[in-house]
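Here's the letter readout for the chains.
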Amino acid sequence: MAVVAGVDFGTLSVRVTLVDSECGPVGTASGSYPLHRRREDPDFATQSHADQMAALAVAMKDVLASTGISGDSVQAIALDTTGSSVIPVDEHLEPLDEYYLWCDHRAHAEAEEITRKAHSMELEAIKWCGGVYSHEWGFAKLLHWLRHNPGKRESFATALEHCDMVAATLCGVKNVRDVKRSVCAMGHKWMWNPKWGGLPSEGFLVAVDPLLKGIRAKIGGEYQTSDKIAGHLSPEWAVKLGLRAGIPIPVGAFDAHWDAIGSNIREGDVVNVVGTSTCIIGIAKDAQLVPGVCGVVPGSVHPGYIGIEAGLSATGDIFEAIAQRAGTRVHELSKGLETFKAGQTGLLRLSWDNGDRTVLVNPELGGVTLGWNMVSTAQDELFAAIEGTAFHTRIILERMAEHGVRVDRVINAGGIPQKNEVLNQIYANVLNKPVLIPAGLPTSLGSGIMALLAAGIYKTVEEAQAAVCLPFRTVEPDHHSAATYDQLYALYKDIYFALGQRDAAAAPLGRVLPRLREIATAARQVKA
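Note that the structure is predicted; figures quoted are calculated from it, not measured.

All right, on to unusual backbone geometry then. Along the chain, Gly 83 connects to Ser 84 via a cis peptide bond; the corresponding omega equals 0 degrees. By the secondary structure assignment, Ser 84 is in the loop between strand E6 (74-81) and strand E7 (86-89). With an omega dihedral of 10 degrees, the bond running from Thr 358 to Val 359 counts as a cis peptide bond. Structurally, Val 359 is set in the loop between strand E19 (348-350) and strand E20 (368-370). One non-glycine residue, Asn 264, adopts positive backbone phi at about 65 degrees. Tracing the backbone through its elements, the reader meets Asn 264 in the loop between helix H10 (255-262) and strand E15 (269-274). Assessed through its relative accessible area of 16%, Asn 264 is described here as buried.

Here it is in C-alpha cells:
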C-alpha cells in the first residue's frame, strides 16, 4: 500500500485527493479562491497565483488532518489545472500579472487575426486545431497582454500555462530555462506539435504582430508528456504543504484531460466532463483532422495515445444564470424537472451564452431561446437549456465520428452528473446511447493516477486505473423520448449552423448575434 496526492485546480477552488494504491480515494478536501470579473467588461476573468497556492496549502493540510495520514507517507503529488490559463512572468518566474483565466475572452480580436494569418500563410497547425484559433488559447491571450501592458514588456521573460506554473512553483524553479512544459497544454492551446517541429515559426508569429518577435524562443524549453517528471517538491513548499521534501511531481496537464483518465477512459470512449463548461475528451491510437474540433494532439491525455478535445464554453454557468435571473438556485429550480417530457416546453435553446467552443469556434455568439409563449417559465428554460447542451454535445460527437473518432461509450464525468439525474437521462435520450456515470466524483483522481506512475508504484496508466478507478452505473435511453429528440435535434442542427455562421447562405441570421454583441459593447463604453 502507498499513498499519493492528486490535485485539481478548478475555476473557483482547488481539490486535493489522497489516493491509496490499492483502495483508491481515501479522502478529499478543497480550498477556494476568488475569480476576478468586471461588470463593465464581461470578457474579463483573472485569478491570482498567490491566492491559488495559498488555497492549495489549506486543502492539503485539511485532507491530511481529516484522514489522519502523515504527510511524510505521501510518495508523490501531481497537479492538473484549468486551461488555457496564461500567466506572464519575469526571468525568476515572478508573476507580472494575474492569470488570464480560461474563461477570459478579451482576446477574441487577436484570435481572429491569428486565424486569418494562419490561413493566408497556409499554416499546417491551424488545421490541427479545428481550422479556427480560439480566443480562449495561449497565443491570443499573450498577444492581448503584450498590446495592453507596454510598461511590463521589458520585464517579460515568458508566459506559462497554469499547470506548468504550479509545478514549477512547487519544485522551487527560479529560472525560466528550467521549466518543463506540458505537451497537453501546449499542444491543445499553443499549436505545438512534433509534426512541424514544435511551435509555429518565428516568421508566422511576427507576421501576426511584430510584438511577437522573439516570443517563440521565450516559449521554448523542454516539452514533455505527463509520464515524465517535472521536478521534486522543494523544501520551502514541503513545509507549506505538510509533505516530505523531494517527492516527485510529474509534468502536469489540463483538468478535463486527467478527469478522463480518472474516469477510466479507453479508446472508443468519449468523456463529457460536465461542470461550469463542458470538455469532451477522447483518445485514439490513430486520429485524423476533425474540422471545428479544437485539438488533436499526440500524448496529451494519455501519454501513449492521441488526445482529442472539444467542448461547450458554458454548461453549469448557463444553468446558474437562469436560476439567478429567477431569483433562486439551480437546486430549487430543478425540483420537479424529472416529470418533464422530452420537448414539452416548446422551447429550443442554444447554449452560446459564453460563445461557441466547438464546432463553430465563434466567441461572438450569445444564448438563444426560441419558442417562448405567454406562460413559459424559468423552469421551462432550465429544462430546455439542459436539452440544448445535450443537442450541442450530439453535434460535436457526430462531427468526431464523421472523421474517424470511435464513439462506443459515453461517460458523463465532472461534478454536475453526480447531482443531476435529469441531465444524465436527457443526455442518454438525446444521444440515444447508454450513458455511464462514475460512482463518485473522479475530479483529482486522474491526478492521483499520474502521481502513482511518478512514484513508480504502477508502470502504466491502465494498471493504475484498474486499481483505483470508481465503478460505473448506467443510464439507459428511453426510446420514446429519443424519438422525440431526433425530431427536435433536426431543428436544432438547422438553427445551430444557420444562426452560428456568417457565411453567405446564413448571412441574414449569422450577423444578428455578432451585431448584438457589438452594440452592447459600444453602449458599455459610453460615459454617463
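Moving on, we come to the pairing of strand E9 (residues 158-161). Residues Thr 158 and Leu 160 line one face of E9 and the alternating positions Ala 159 and Glu 161 line the opposite face, and both faces are buried. Sheet topology places E7 next to E9; 4 bridges connect them, and they run antiparallel. Looking at E9, one finds that Ile 87 is bridged to Leu 160.

According to the stated counting rule, one finds 3 cavities of 30 Å³ or more in the structure shown. As for the largest cavity, its lining consists of Ala 125, Trp 128, Cys 129, Trp 137, Gly 187, His 188, Met 191, Trp 192, Asn 193, Trp 196, Val 296 and Val 297. Those elements that provide at least two residues to the lining of the largest cavity are helix H3 (124-128), helix H6 (183-189) and strand E17 (295-298). Considering only residue class, the lining of the largest cavity consists of 9 nonpolar, 3 polar and no charged.

Bringing the sheet that holds strand E14 (residues 253-254) into the picture now. Pairing is mixed in the open sheet, where 5 strands are placed in the order E3-E2-E1-E6-E14. A strand with exactly one partner marks an edge of an open sheet, and here the two such strands are strand E3 (24-32) and E14. In terms of strand pairing, strand E1 (residues 3-9) meets strand E2 (residues 13-20) through 7 bridges, oriented antiparallel. Residue pairing in the sheet places Val 3 in a bridge with Asp 20 of E2. Packed onto the sheet, helix H1 (residues 49-67) meets E1, E2, E3 and E6 and runs at close to 140 degrees relative to E3.

So, on to the pairing of E1. Across the 7 residues that make up E1, a large majority, 7, are buried. Burial along E1 is two-sided: the residues Val 3, Ala 5, Val 7 and Phe 9 and Val 4, Gly 6 and Asp 8 are all buried. Connecting E1 to the next strand, E2, in antiparallel fashion are 3 residues.

Criteria and thresholds
Residues numbered from 1 in each chain as written. Predicted model: local features only at pLDDT ≥ 70, side-chain atom pairs only at ≥ 80, totals over all residues. Heavy atoms only, no water. Helix = DSSP H or I, 4+ residues; strand = E, 2+ residues; numbered from the N terminus. Buried < 20%, exposed > 50% of the residue type's maximum accessible area, 1.4 Å probe, protein only. Pairing = 2+ DSSP bridges. 1 Å grid on protein atoms, 1.4 Å probe; cavity = no way out; pocket = protein on both sides within 12 Å on 5 of 7 lines; lining within 4 Å. Points joined across faces, edges and corners; volume = space filled by probe spheres on them. Nonpolar A, V, L, I, M, F, W, Y, C, P; charged D, E, K, R; others polar. Contact = heavy atoms within 4.5 Å. Axes fitted to C-alpha atoms, helices over the stretch in contact; angles between N-to-C directions.

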